[in-house]
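Structural overview
Residues per chain are reported as follows:
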Protein chains: 4
Amino acid sequence: MGNTFGHLFRVTTWGESHGGGVGAVVDGCPPRLPLTEADIQSELDRRRPGQSSIVSPRKEADRVEILSGTFEGLTLGTPICLWVRNVDARPEAYEEMARKFRPSHADYTYQAKYGIRNWQGGGRSSARETVGRVAAGAIARKWLRLSHGVEIVAWVAQVHEITGQVDPEKVTREQVDATPVRCPDLEAARRMIELIEKVRSEGDTVGGIVECCVRGVPPGWGEPVFDRLEADLAKAMLSLPASKGFEIGSGFACVHMTGRQHNDPFRIRDGRVVTTTNHSGGIQGGISNGMPIRFRVAFKPVATIMHEQDTVDVDLQETTLKGRGRHDPCVLPRAVPIVEAMTALVLADHALRHRAQCG
Amino acid sequence: MGNTFGHLFRVTTWGESHGGGVGAVVDGCPPRLPLTEADIQSELDRRRPGQSSIVSPRKEADRVEILSGTFEGLTLGTPICLWVRNVDARPEAYEEMARKFRPSHADYTYQAKYGIRNWQGGGRSSARETVGRVAAGAIARKWLRLSHGVEIVAWVAQVHEITGQVDPEKVTREQVDATPVRCPDLEAARRMIELIEKVRSEGDTVGGIVECCVRGVPPGWGEPVFDRLEADLAKAMLSLPASKGFEIGSGFACVHMTGRQHNDPFRIRDGRVVTTTNHSGGIQGGISNGMPIRFRVAFKPVATIMHEQDTVDVDLQETTLKGRGRHDPCVLPRAVPIVEAMTALVLADHALRHRAQCG
Amino acid sequence: MGNTFGHLFRVTTWGESHGGGVGAVVDGCPPRLPLTEADIQSELDRRRPGQSSIVSPRKEADRVEILSGTFEGLTLGTPICLWVRNVDARPEAYEEMARKFRPSHADYTYQAKYGIRNWQGGGRSSARETVGRVAAGAIARKWLRLSHGVEIVAWVAQVHEITGQVDPEKVTREQVDATPVRCPDLEAARRMIELIEKVRSEGDTVGGIVECCVRGVPPGWGEPVFDRLEADLAKAMLSLPASKGFEIGSGFACVHMTGRQHNDPFRIRDGRVVTTTNHSGGIQGGISNGMPIRFRVAFKPVATIMHEQDTVDVDLQETTLKGRGRHDPCVLPRAVPIVEAMTALVLADHALRHRAQCG
Amino acid sequence: MGNTFGHLFRVTTWGESHGGGVGAVVDGCPPRLPLTEADIQSELDRRRPGQSSIVSPRKEADRVEILSGTFEGLTLGTPICLWVRNVDARPEAYEEMARKFRPSHADYTYQAKYGIRNWQGGGRSSARETVGRVAAGAIARKWLRLSHGVEIVAWVAQVHEITGQVDPEKVTREQVDATPVRCPDLEAARRMIELIEKVRSEGDTVGGIVECCVRGVPPGWGEPVFDRLEADLAKAMLSLPASKGFEIGSGFACVHMTGRQHNDPFRIRDGRVVTTTNHSGGIQGGISNGMPIRFRVAFKPVATIMHEQDTVDVDLQETTLKGRGRHDPCVLPRAVPIVEAMTALVLADHALRHRAQCG
């Protein structure tokens, strides 16, 4: 279990980094949505590592195939199966992993849970499974855009101690993609790249924060009490590899404010209800209020480092381990399209749920 | 929808603050668990406002009745329906609410979504619906304790700028409940109470952070990739009224660390696998690793303040509104048992899910 | 688990015959549906035993209370909790049941599954749990009628060897309720009543077949492949106590036909697509086609008989048992409103599912 | 939606007859189950048409590939993706179908529901989607056998008016597969084959009944009230293409019996609880009682016949249509492995559900 996300716009992903491939089945997509491989490939290309000097060089082709669910370029309403073959799989890079548990990875917990694990490349817990999410998210993204004019933009807001200044309600994907580190503040981006390259040369890693802004969501999406819109967003983000925290609107900063400072007054602009501030982050009582939805996700410095670490092996003997193989000094840039994809999946699901109950 | 939580230990809650009552149905509880009203009442009593000078005075009786699901003091395996009558309901306190939307409340969004709302007392979006959660959580809590020796302790870690110093792995519920503000650091608690009473007299509100530590969870709970244990905890916490953020283990602080600093080395202690640090917060790859599970939840300063605010009415006309009625200057102490209850629900569900797939 | 039905129009039932009461929570009902206790009470009254000479005399009051989910006579979109107190509970009537398993009842299997059972009155497996279903079904029924003009009529088609002749597409509820046995063919009804009274005097029971016709369902409801409309109807009916079989359209009789005889040709009538025969029973490829939906459910002669039977006890010793207490010689008349209620729940769920995906 | 089956042993299928292929994702399979393509291929080979003279000749290769979820021949506990390429796809065989609706097929209803349909070969509603079910069912079947000793045997009990005599509790798969028509009564099988060949030459079709017996299920599987074991079996069977009815144990025949005749007395044999008759079909109160589970499924004469029929086209004009292309005079033999596969999926799901709640 645990491999399906959503109720009405439902995604099941499968695959590991060293099997036949990775993929996803999207069930419940509305019919007659124009859809081709190109729509999905563009999102996958944003996710692919090896795009610049700051990420680990890999040659994964990541070509998506739509195996079912469309006809003459339109969705049928039947399940859409997406598949991406694994090309760059080098099992031999991890032989030591058969017996040792890498610290802060999933090796030990998978062994404890299942009594078996695919020690080649990290198996299902590796970031490769996010390929299916991004592919499925591309479909949701397109439907949201065509049916509701929803626009989702995420960017790297912070890497280690370096923060960028960004206007969330104006930032565009083009500005985000202007640099490999995906921070639209070009000066901060320059310093981030410098830091990441330094960290890479040290065989270490750094983390940071991805921020996301969603524009165009109408009031009414969200299902109190348990499936509040921010609750489903939180679950989506904390299901990503390396995620450590989620905050909506003012987030943790709200504890420094009083109610008088934090409340968002209502006003009418152009005949629509708006709030003059947006500490709510676009969601009140678990339901969207029409203002931009704003949230941030913290990602840890990933665990694969090129240093020797204390650990234990499958016989519960203390030992050491030195990292080898794929090493990303900072996964933040790659997390940006994955955060957008999960956001699209959550919103598409809630759009359909709202339509179901309220027409 | 949105009123059911969990897959195998499943809870459906119902009720608003000004209807007949509030309740919950718990489905999937293992059979032959000793259970009486007393087990649940003790948790409900912790939740009830009016326990001290720092919360709004109310006389809610909150007596729980078990309407089904037990026999001769043991659970049957059939659904357990819990009911708490509403006693202290004063609809007249909110007459103005029929026409005006309170800022940063759910009034506007409920109206936008459903086209109708119960304006008396906040309806389903009020904190009263958490009664059902706490009642259901009490059952989960007992089962976890008896079947796995799991212990859940939450406390108030911060109110506005005031933080307490707590040893998470030793703190007990008795220490937490030593003061009405539920911070085990007595000095910080004293200052917190002072602040809250000052804020109350100003008709304002403050927020803060609740921290939680779970001890005794064995390795193996959690369902990658979407139902990671921290993802379900995040959803549970962000489904609580007034919640604004969630972080697991090192949380947002991890962005200030490198991989070398953040990784948790494995060692063997007493024949068991442990980590010498616990930035993972007890969860790796979405699955528990046997170390204490640590997380924090941020709560905003609640929206009901005794000041005049700009707002709009149901005819989309700009107007003002001055808060009246129930006013809690700080909901953090009351959030503690609710955070514990949701934690119990998540863990019980995952315990059963793990048992299903892996025996 | 197993106590929730439906995905979008979702019902959770609870309660046994000898606890506090029985009830249901309906989640996902569209908002602003006019709803009062009277709407539900009328359906419950149809279900109640003791309505005539042919069923066992009981004085159950079965008054429903709406505990949440409505406001000023309209549904809110929030969960609707319905409750019916147990009045006529005579535990002492079943003392012997604490130790012996009644043949063809659920006593043995509940004990085997849960290791505990409420031996008073049959617990959760008794027909009393159907109260919650009928109450919830009343809400679905009303919504279907107001939103889509759907009309559901069921009747007793056969008791033992006696069959009635009925025009399914014209039969009305008034005709069905003209006699206590609920067969609109008055001559057959007379013979059925005669048979049932004879069987009652012999302390025995008989079964039969309930038939149902649904008019007004538009084309398009149903979710291939697993949630075909007839598949969900089959599950709904085989979840009823005493049910033994389900058939749609031509049902088992189709095996006596060839394809040429069985196919339903399409024609146009009044600008609408119709079929000139209806062996499909209104469903093709798992989706409604606009023709009346026709199905039949077989019910066994219930197991409580007033004769001595061979059985075993909780110590796995062979023994005998003679039935006492509540004895219904034929449950078919009471099954009619329950079949209608389950039909309404299935159709409401599918109506919302179709609206979600296809608008 | 509608493309996922099961809660804990969960299957999502995808694919149509004229797309890239068909497949299934199995989620929740217990880890460390020995599994290779051969286990699945043997079940698929039983399903494949063109095995004899009595079914339509086709050359589908139906080679299954396991794309994920196993490692060194054992399941990992992660999702298992199975894929079968479409080889024998001749779109041109159905050109007329772009505009005309075949009677008693899903053409009209899919068009009505989705506003679009893949008219080549019947799309998602064709029997080809059952490939994914059979593949997934093979995994469930193996797990059930190894973990519980459960054995599932189905056979053709009736074709048109011809019935076979079979001892359900002794029949073996070898006896079933002794003839292409899969009726273990060789004399009846001979007459069935004769009939089918005659019907084929007439361009017509016939239906029949598949019967199934499951041995080895322990007491305790099933989740009252809505997920009774027979209810989930009924749903599984009525989700199969061409199914028209389901009956459990005595089924519709029970209406000819009284309670005294129908009840199954309990006795002790070899220290175990048994019933001396089995009208219950192995399920009481929705839960298995340890006796063999017995049920029957009626299949209609399929709709593709080689005669001209009245129908309508996409412009709602009356017209005629003459069937061409693939023509199976009788799908009963092919239904046998599909019925077994669905049975395995239902039972595996319930086995895990029982283990979750009751250990």
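The model shown is predicted, which means the values in this text are computed figures rather than measured ones.

All right, on to the overall build of chain A then. The secondary structure content of chain A amounts to eight helices and 18 strands. Its C-alpha atoms give chain A a radius of gyration of 21 Å, within 12% of the compact-globule value 21 Å for 359 residues. Judged by the C-alpha coordinates and their principal axes, chain A covers about 65 × 50 × 35 Å. By the burial criterion, 71% of the 359 residues in chain A qualify as buried. Contacts spanning at least 24 positions in sequence make up 71% of the contacts within chain A whose residues lie at least 6 apart. Here chain A displays about 10,500 Å² of accessible surface, and carbon together with sulfur accounts for 48% of that area.

Bringing the interface of chain A and chain B into the picture now. One frequently used descriptor of interface size is the decrease in accessible area upon assembly of the parts. Listed by partner, the interface residues are 104 residues for chain A and 104 residues for chain B. Here chain A packs against chain B, burying approximately 8,800 Å² in sum over the two surfaces, 59% of which is carbon and sulfur. On the surface where chain A and chain B come into contact, there are 12 salt bridges. Where Glu318(B) meets Arg267(A), a salt bridge forms, and the shortest distance between an N and an O atom there is 3.2 Å. When its residues are assigned to classes, the side of chain A that touches chain B shows 42 nonpolar, 38 polar and 24 charged.

Here chain A sits on chain B after a turn of 180 degrees about the axis and a move of 0.0 Å along it, with an RMSD of 0.0 Å. Here the transformation between the copies is reduced to the relation of a two-fold axis. Comparing interface residues between copies, 100% of those in chain A also sit at the interface in chain B, which points to an isologous, same-surface contact.

With that settled, consider the UniProt feature "binding site: NADP(+)" (unreviewed entry) in chain A. Residues and elements named next belong to chain A. The UniProt record annotates "binding site: NADP(+)" (unreviewed entry) at Arg47. Here arginine 47 is to be found in helix H1 (residues 37-47). Accessibility expressed as a relative area gives 1% for arginine 47, which makes it buried. If sequence neighbours within four positions are ignored, arginine 47 has contacts with Asp62, Ala127, Arg128, Thr130, Val131, Val134, Arg334, Pro337 and Ile338.

Moving on: the interface of chain C and chain A. Listed per partner, the contact involves 12 residues of chain C and 12 residues of chain A. Across the chain C/chain A interface, buried area totals approximately 940 Å², and carbon plus sulfur atoms make up 54% of it. A per-residue breakdown of the area chain C buries against chain A is headed by Arg355(C), Ala356(C) and Gln357(C), which together make up 54% of the total. Run the count over chain C and chain A and you get zero salt bridges.

Let us now look at the packing of helix H1 (residues 37-47) of chain D against helix H8 (residues 332-358) of chain D. The relative placement of two packed helices comes down to the angle between their axes together with the axis-to-axis distance. All names here are of chain D. Between H1 and H8, the least distance of the axes is 7 Å, while the angle of their chain directions is 145 degrees. Along the contact surface, H1 presents Glu43, Arg46 and Arg47, while H8 presents Arg334, Val336, Pro337, Ile338 and Glu340. Across the contact of H1 with H8, the residue classes break down as three nonpolar, no polar and five charged.

What follows is about the sheet that holds strand S2 (residues 10-15) of chain C. Residue and element names in this part refer to chain C. Strand order in this open sheet of five strands is S1-S2-S3-S7-S4, and the pairing throughout is antiparallel. Every other strand in the sheet has two partners, leaving strand S1 (4-5) and strand S4 (64-68) as the edge strands with one partner each. Bridging between S4 and strand S7 (residues 80-85) involves four bridges; their strand directions are antiparallel. Residue pairing in the sheet places glutamate 65 in a bridge with tryptophan 83 of S7.

Looking now at the packing of aromatic side chains. Counted by the stated rule, this structure contains 28 aromatic pairs over all chains. Each member of the aromatic cluster is reached from another via a ring pair, and the members are Phe101(A), Tyr108(A) and Phe266(B). The positively charged end of Lys113(B) is found above the aromatic ring belonging to Tyr114(B), 5.8 Å away from the centroid.

With antiparallel pairing, the five strands of this open sheet are ordered in space as S1-S2-S3-S7-S4 (chain B). Single-partner strands in this sheet number two, and they are strand S1 (4-5) and strand S4 (64-68) of chain B.

In this structure's numbering, the residues bearing the UniProt feature "binding site: FMN" (unreviewed entry) are Arg124(A), Ser125(A), Ser126(A), Gly285(A), Lys300(A), Pro301(A), Val302(A), Ala303(A), Thr304(A) and Arg326(A). Relative to the helices and strands, Val302(A) is located in the loop between strand S16 (293-299) and strand S17 (308-312). Using a relative accessible area of 15% as the deciding quantity, one classes Val302(A) as buried. Apart from the residues within four sequence positions on either side, Val302(A) is in contact with Thr205(A), Ala242(A), Asp328(A), Val331(A) and Gly259(B).

Look at the two chain copies: a rotation about an axis and a shift along it is all it takes to match them. Overlaying chain C on chain A yields an RMSD of 0.0 Å, the required transformation being a rotation through 180 degrees with an accompanying axial translation of 0.0 Å. Most of the interface of chain C is mirrored in chain A: 100% of its interface residues are interface residues there too.

Turning our attention to the environment of Trp155(D). Residue and element names in this part refer to chain D. Structurally, tryptophan 155 is set in strand S8 (residues 151-159). C-alpha separation for the pair tryptophan 155 and aspartate 177, spaced 22 residues apart in sequence, amounts to 8.6 Å. The contacts of tryptophan 155, once residues within four sequence positions are left out, are Val166, Pro168, Val171, Val176, Arg182, Pro184, Ile209, Val210, Glu211, Cys212, Cys213 and Val336.

This part takes up the pattern of salt bridges. Scanning all chains against the criterion turns up 136 salt bridges over all chains. With a closest N to O distance of 2.8 Å, Arg102(D) and Asp107(D) form a salt bridge. Each of Glu43(A), Arg46(A), Arg141(A), Arg173(A), Asp177(A), Arg182(A) and Glu340(A) takes part in one network of salt bridges that share partners.

With respect to the helices and strands, Thr75(B) occurs in strand S6 (residues 74-75). Overall, the relative accessible area of 1% leaves Thr75(B) in the buried class. Spatially, the C-alpha atom of Thr75(B) lies 47 Å from that of Lys198(B), the residues being 123 residues apart in sequence. Non-local contacts of Thr75(B), meaning those with residues more than four positions away in its chain, are made with Cys29(B), Pro30(B), Pro31(B), Arg32(B), Leu33(B), Leu35(B), Gly69(B), Thr70(B), Ile80(B) and Ile116(C). Of note is the side chain of Thr75(B), whose polar atom sits 2.8 Å from the backbone oxygen of Pro30(B).

It is worth spelling out the environment of Val274(A) at this point. All names here are of chain A. For valine 274, the location among the structural elements is in strand S13 (residues 272-275). Taking C-alpha positions, valine 274 is 21 Å from glutamate 223, a pair spaced 51 residues apart along the chain. Once residues lying within four places of it in the same chain are set aside, the contact partners of valine 274 are Pro265, Phe266, Arg267, Arg269 and Met291.

With that out of the way, let us pick up the pairing of strand S13 (residues 272-275) of chain D. Residue and element names in this part refer to chain D. Note that strand S12 (residues 266-269) and S13 share four bridges and pair antiparallel. Counterpart to phenylalanine 266 in the pairing with S13 is threonine 275. Here S12 folds back onto S13, and the loop between the two strands holds two residues, one of which, aspartate 270, carries a positive phi near 55 degrees.

Definitions and cut-offs
Residues numbered from 1 in each chain as written. Chains lettered and ligands numbered in written order. Predicted model: local features only at pLDDT ≥ 70, side-chain atom pairs only at ≥ 80, totals over all residues. Heavy atoms only, no water. Helix = DSSP H or I, 4+ residues; strand = E, 2+ residues; numbered from the N terminus. Rg over C-alpha atoms; globule rule 2.2 N^0.38 Å. Buried < 20%, exposed > 50% of the residue type's maximum accessible area, 1.4 Å probe, protein only. Contact = heavy atoms within 4.5 Å. Areas by Shrake-Rupley, 256 points an atom, 1.4 Å probe, with all protein chains shown as cover. Buried area = accessible area lost by both parts, 1.4 Å probe. Salt bridge = Lys/Arg side-chain N within 4 Å of Asp/Glu carboxyl O. Nonpolar A, V, L, I, M, F, W, Y, C, P; charged D, E, K, R; others polar. Least-squares fit on C-alpha atoms with pLDDT ≥ 70 in both. UniProt positions renumbered as here; feature names shortened; annotations may be inferred. Axes fitted to C-alpha atoms, helices over the stretch in contact; angles between N-to-C directions. Pairing = 2+ DSSP bridges. Phe/Tyr/Trp six-rings, centres within 6.5 Å; stacked < 30°, edge-to-face > 60°. Lys NZ or Arg CZ within 6 Å of the ring centre and 35° of its normal. Polar contact = N/O pair within 3.5 Å; in protein donor to acceptor, adjacent residues only side chain to side chain.

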